[in-house]
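# Breakdown of the fold
Chain by chain, the residues:
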Amino acid sequence: MTAISAHTASSPTAVDPAALHTPVIAWFDSNARDLPWRRPEAGAWGVMVSEFMLQQTPVNRVLPVYEQWLSRWPRPADLAAEAPGEAVRAWGRLGYPRRALRLHGAAQAITERHGGDVPREHAQLLSLPGIGEYTAAAVASFAYGQRHAVLDTNVRRVFARAVAGVQYPPNATTAAERKLARSLLPEDAPTAARWAASSMELGALICTAKNEGCVRCPIADRCAWRLAGKPAYEGPARRGQTYAGTDRQVRGKLLAVLREAVAPVPQVVLDAVWDEPVQRTRALDGLVADGLVEPMENGVYRLPQSRA
């Protein structure tokens, strides 16, 4: 039996949630980073933009792009009025550029269906293009102070260690993790929203994937993993990310040329980006299929101009 199956996240009764809430929230109050999307002036749109950008991208890379984005498009309607290619261009090198198209689509839907205001209701958020369960819960919690379980990688790791007693959570979020997260939520909405932000920050700064800072952790004395002697992870192999030589790298190089261009780009210019023609063609075809690039007549390409 692996460590994951021996210590499942489906047994929340072993933990007193209040014993976690108080020290973690107090730690957050004293140690939280001053991030622009946490400030009141960010509003729900600022929170939503940050959540799209922060998926699989570290804070230090997001910050300059976020500031430029909100300066250019302070409201959803401002972004919706632009061509989707401008969102892709402004996304820069954050990676996973389909997020830019999804955020543009969400801005259009917010403008058309909700009068330009990010909706408050979880179900309405979930109905927006590009919004999944995590993002809907995060916006409802962080922007509107509602009571939702917000499960990102950092929170899942904190819960895996503190409660389940394992080093890492499963590769994909499980029903047991969601059940545990709901069981740990404070009853009142403002405290629940604070708990969501606090547990996420704890995972980002202290309970990190490597070189965890247990000596600085506010719940080290009640962490199941630490108290068990920090048993090594025994679950399925954890996925690693490679970049060099992959189609992702080729796609990034092609998009970089198109982002910098002020006019449509000829095929011959894109051909110079990558020597291997089969991979280059596959990457370009993928960008077209994903709606990130528009082919035009005479073998030239541009960022997408057509609105959904």
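All of these numbers come straight from a predicted model, not from anything done at the bench. (Residues numbered from 1 in each chain as written. Predicted model: local features only at pLDDT ≥ 70, side-chain atom pairs only at ≥ 80, totals over all residues. Heavy atoms only, no water.)

## Quick word on the nonpolar core
Inclusion rule: Nine residue types can take part in a nonpolar core, namely buried Ala, Val, Leu, Ile, Met, Phe, Trp, Tyr and Cys, and a core is a set of them joined through side-chain atoms within 4.5 Å. Relative accessibility decides the category of a residue: with a 1.4 Å probe and only protein chains considered, values under 20% of the type maximum give buried, values over 50% give exposed, and everything between is partly exposed. We count a stretch as a helix when DSSP gives it H or I for four or more residues in a row; a strand needs E for two or more, and each element gets its number in order from the N terminus. As annotated, the domain borders come from an automatic or database domain assignment. Whether two residues are in contact is decided by their heavy atoms, any of which lying within 4.5 Å being enough.
By size, the foremost hydrophobic cluster in this structure holds 53 residues, and its most contacted members are W45, M48, M53, W69, L103 and V118. Of all the secondary structure elements, the ones that give two or more residues to this core are α3 (43-54), α4 (59-72), α5 (76-80), α6 (84-91), α7 (98-113), α9 (133-144), α14 (247-260) and α16 (277-289). Looking at which domains feed residues into this core, each of domain 1 (36-144) and domain 2 (247-302) gives three or more. Each residue touching M53, except ones within four places of it in the same chain, is listed here: V62, V65, Y66, W69, W91, L94 and R99.

## Looking at the pattern of salt bridges
To keep it simple, the criterion reads: Salt bridge, as used here: a side-chain nitrogen of Lys or Arg that lies within 4 Å of a carboxyl oxygen of Asp or Glu.
Counted under the stated rule, the structure contains 17 salt bridges. Close ionic contact of R72 with E82 constitutes a salt bridge, the shortest N to O distance being 3.5 Å. Residue R72 is located in helix α4, and its partner E82 is located in the loop between α5 and α6; the two are separated by 10 residues in the primary sequence. By relative accessible area, E82 is classed as partly exposed at 25%. Via salt bridges that share partners, R72, E82, E86 and R89 belong to a single interconnected network.

## Regarding helix α2 (residues 17-31)
Convention followed: Multiply 1.5 Å by the residue count of a helix minus one, and that product is the helix's expected span.
Taking 1.5 Å of rise per residue, 15 residues should cover 21 Å, and α2 covers 21 Å from first to last C-alpha, within 8% of that figure. Close packing links the buried residues of α2 with α10 (153-164), α11 (175-184) and α12 (189-205).

## Structural notes on the UniProt feature "domain: HhH-GPD" (unreviewed entry) in the protein
Spelled out, the test is: UniProt positions are given in the numbering used here, feature names are shortened, and annotations may be inferred rather than shown by experiment.
When the UniProt feature table is mapped onto this chain numbering, "domain: HhH-GPD" (unreviewed entry) sits at residues 53-205. The span residues 53-205 is 66% helix and 0% strand, and its two end C-alpha atoms sit 19 Å from each other.

## A word on the packing of aromatic side chains
Which entries qualify depends on this criterion: A pair of Phe, Tyr and Trp rings is counted when the ring centres sit within 6.5 Å of each other, with Trp represented by its six-membered ring. The angle between the planes then sorts it: under 30 degrees is stacked, over 60 is edge-to-face, the rest tilted.
Taken as a whole and assessed by the stated rule, the structure comprises 5 aromatic pairs. With 5.1 Å between their ring centres and 75 degrees between their planes, W37 and Y66 make a pair best called edge-to-face. Of this pair, W37 sits in the loop between α2 and α3 while Y66 sits in helix α4, and the two are 29 residues apart along the sequence. For the pair W37 and Y66, a shared accessibility class is recorded, and that class is buried. Summarising the aromatic geometry, the rings of Y168 and Y233 are spaced 5.5 Å apart at their centres and angled 70 degrees between planes, so their arrangement reads as edge-to-face. Placement of the pair is Y168 in the loop between α10 and α11 and Y233 in the loop between α13 (224-227) and α14, with a sequence separation of 65 residues. Using a relative accessible area of 13% as the deciding quantity, one classes Y168 as buried.

## Here we look at α10
Because each turn of an α-helix spans 3.6 residues, side chains separated by three or four positions end up pointing in the same direction. Note the following rule: Polar contacts, as used here, are pairs of N or O atoms within 3.5 Å; protein pairs need one atom able to donate a hydrogen and one able to accept it. Residues neighboring in sequence count only if both atoms are side-chain atoms.
Most of α10 is tucked away, with 11 of its 12 residues classed as buried. Within α10 the residues assigned to the buried category are N154, V155, R156, R157, V158, F159, A160, R161, A162, V163 and A164. Elements in contact with the buried residues of α10: α2, α11, α12 and α13. For α10, the N-terminal capping position is held by D152, with its side-chain oxygen 3.1 Å away from the main-chain nitrogen of N154. Just beyond α10, the residue with positive phi is G165, at close to 80 degrees.

## Quick notes on the sheet that holds strand β3 (residues 300-302)
Heads up, the condition is: Paired strands, in this sense, are two strands between which DSSP finds at least two bridges.
Here 3 strands make up an open sheet; going across it, the order is β1-β3-β2 and the pairing antiparallel. Whereas interior strands pair on both sides, the edge strands pair on one side only; in this sheet they are β1 (265-266) and β2 (294-295).

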